[in-house]
Amino acid sequence: MRKGFAITIPVAILLLCSCIVLSTNPVFKTSDLVFENALIGTWGEEGSPGYFTVSKSGELSYLLIDDQEGRLGRFETHLFRLENKMFLDVYPEDPSEDINESWIMHMMPMHSIYRVDGIDSLLTLVPIDYDWVKKTVDANPEMLEHTYIHEHLLIIAPTEKYRKFVIDAIPVSEAWDEPMQFLRLGD
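**Let's talk about the packing of aromatic side chains**
The geometry of an aromatic ring pair comes down to the distance between the two centres and the angle between the two planes.
Consideration 1: For the structure on display, the rule yields 6 aromatic pairs.
Consideration 2: Consider the rings of F35 and Y62, whose centres lie 4.4 Å apart with planes at 10°: the pair is stacked. With F35 in the loop between β2 (33–34) and β3 (41–44) and Y62 in strand β5 (residues 61–68), this pair connects stretches of sequence that are 27 residues apart.
Consideration 3: F35 sits in the partly exposed class, given a relative accessible area of 21%.
Consideration 4: Since its relative accessible area comes to 0%, Y62 is described here as buried.
Consideration 5: Through a chain of ring-to-ring contacts, the aromatic side chains of F28, F80, F87 and W176 assemble into a single cluster.
Consideration 6: The ring of F35 is capped by K56, whose NZ or CZ atom sits 4.9 Å from the centre of that ring.
Consideration 7: Here the guanidinium or amino end of R115 rests over the ring plane of W176, the centre of that ring lying 5.0 Å away.

**Some thoughts on the side chain of T124**
Consideration 1: Summarising the element assignment, T124 is placed in strand β9 (residues 122–127).
Consideration 2: Under the relative-accessibility criterion, T124 is labelled buried at 10%.
Consideration 3: Apart from the residues within four sequence positions on either side, T124 is in contact with R115, V116, D117, G118, P179, M180 and Q181.

**Quick look at the sheet that holds strand β11 (residues 152–155)**
Consideration 1: Here 3 strands make up an open sheet; going across it, the order is β1-β11-β10 and the pairing mixed. Looking at which strands have only one partner, the edges of the open sheet turn out to be β1 (22–23) and β10 (146–149).
Consideration 2: As paired strands, β1 and β11 are joined by 2 bridges and run parallel to one another. Among the inter-strand pairings, L22 is bridged to a residue of β11, identified as L154.

**With respect to the pairing of strand β6 (residues 71–82)**
Consideration 1: Strand direction decides the pairing type here: β2 and β6, joined by 2 bridges, are antiparallel. Within the sheet, the bridge partner assigned to V34 lies in β6 and is L79.
Consideration 2: Note that β5 and β6 share 7 bridges and pair antiparallel. In the sheet register, L64 faces β6, and the bridge partner there is F75.
Consideration 3: Between β5 and β6, which pair antiparallel one after the other, the connecting turn spans 2 residues, and E69 there sits at a positive phi close to 50°.
Consideration 4: In this sheet, strand β7 (residues 85–92) lies alongside β6 in antiparallel orientation, the contact comprising 8 bridges. Each residue of the ladder has a partner; that of F75, found in β7, is P92.
Consideration 5: Here β6 hands over to β7 after 2 residues, with E83 in that stretch at a positive phi of 50°.

**Let's talk about the pairing of β9**
Consideration 1: Most of β9 is tucked away: 5 of the 6 residues are buried.
Consideration 2: Linking two consecutive strands that pair antiparallel, namely strand β8 (residues 112–119) and β9, is a turn of 2 residues.
Consideration 3: Alignment of β9 against strand β12 (residues 180–186), held across 4 bridges, turns out to be antiparallel. Its bridge partner lying in β12, L123 is registered against F182.

**Digging into the confidence of the model for the chain**
Low pLDDT marks stretches whose predicted atomic positions should not be read closely.
Consideration 1: Summarising the model, the chain shows a mean pLDDT of 86, and 86% of its residues fall at 70 or more.
Consideration 2: Taken together, the stretch residues 1–8 has pLDDT below 50 and engages in 30 contacts with residues farther than four places along the chain or on a different chain.
Consideration 3: Between residues 10–18, whose pLDDT stays under 50, and residues either more than four places distant or in other chains, the model counts 18 contacts.

**Considerations on the side chain of T42**
Consideration 1: Mapped onto the fold, T42 is located in strand β3.
Consideration 2: Sequence-distant contacts of T42, that is, excluding residues within four places in its chain, are made with Y51, F52, T53, L183, R184, L185 and G186.

**A look at unusual backbone geometry**
Consideration 1: For N84, which is not a glycine, the phi torsion comes out positive at approximately 65°.
Consideration 2: Within the element layout of this structure, N84 appears in the loop between β6 and β7.
Consideration 3: The residue H150 is not glycine, and still its phi comes out positive at about 50°.
Consideration 4: Locating H150 in the fold gives a position in the loop between β10 and β11.

What counts, and where the lines are drawn
- Residues numbered from 1 in each chain as written.
- Predicted model: local features only at pLDDT ≥ 70, side-chain atom pairs only at ≥ 80, totals over all residues.
- Heavy atoms only, no water.
- Phe/Tyr/Trp six-rings, centres within 6.5 Å; stacked < 30°, edge-to-face > 60°.
- Helix = DSSP H or I, 4+ residues; strand = E, 2+ residues; numbered from the N terminus.
- Buried < 20%, exposed > 50% of the residue type's maximum accessible area, 1.4 Å probe, protein only.
- Lys NZ or Arg CZ within 6 Å of the ring centre and 35° of its normal.
- Contact = heavy atoms within 4.5 Å.
- Pairing = 2+ DSSP bridges.
- pLDDT = per-residue confidence, 0-100.

Right, dumping it as structure tokens:
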């Protein structure tokens, strides 16, 4: 089990598996959303320059600001329940105003999800395993609409179909990658 990463969610996922499962649609429905005050705070590794801060941004939504030595990424974030398990959906907000509009037009925001195995003084997030998803949908292409962009799997299924896929994956241990653990650095 990995403990106390010196890096934050987006960077940690890329380093863990070189690939994350991205989707054009969220897994959750509005009725799945929950709000837990315990998620609010600053998370990372003590003494590390990288950290992320989660704050309330709506009745059932959060703002996650990923700080990599002053380089910020802002993410709309939702906590939701499926089959008595909690998950986190992370979706990039529009970039800061100082980025060229032509560049922005070529970027497409995507959803990523993480199973939440604990929120207390330690936040434990478990990403869905990219290789398992790829193998599963390649073996049965009708199961979940997807495509490949530069050889990277992209889920394009509607929410209901992707939601069912994730619910079916909950009890499958191979469907989940290694847990990432983040220490609570502050409120």
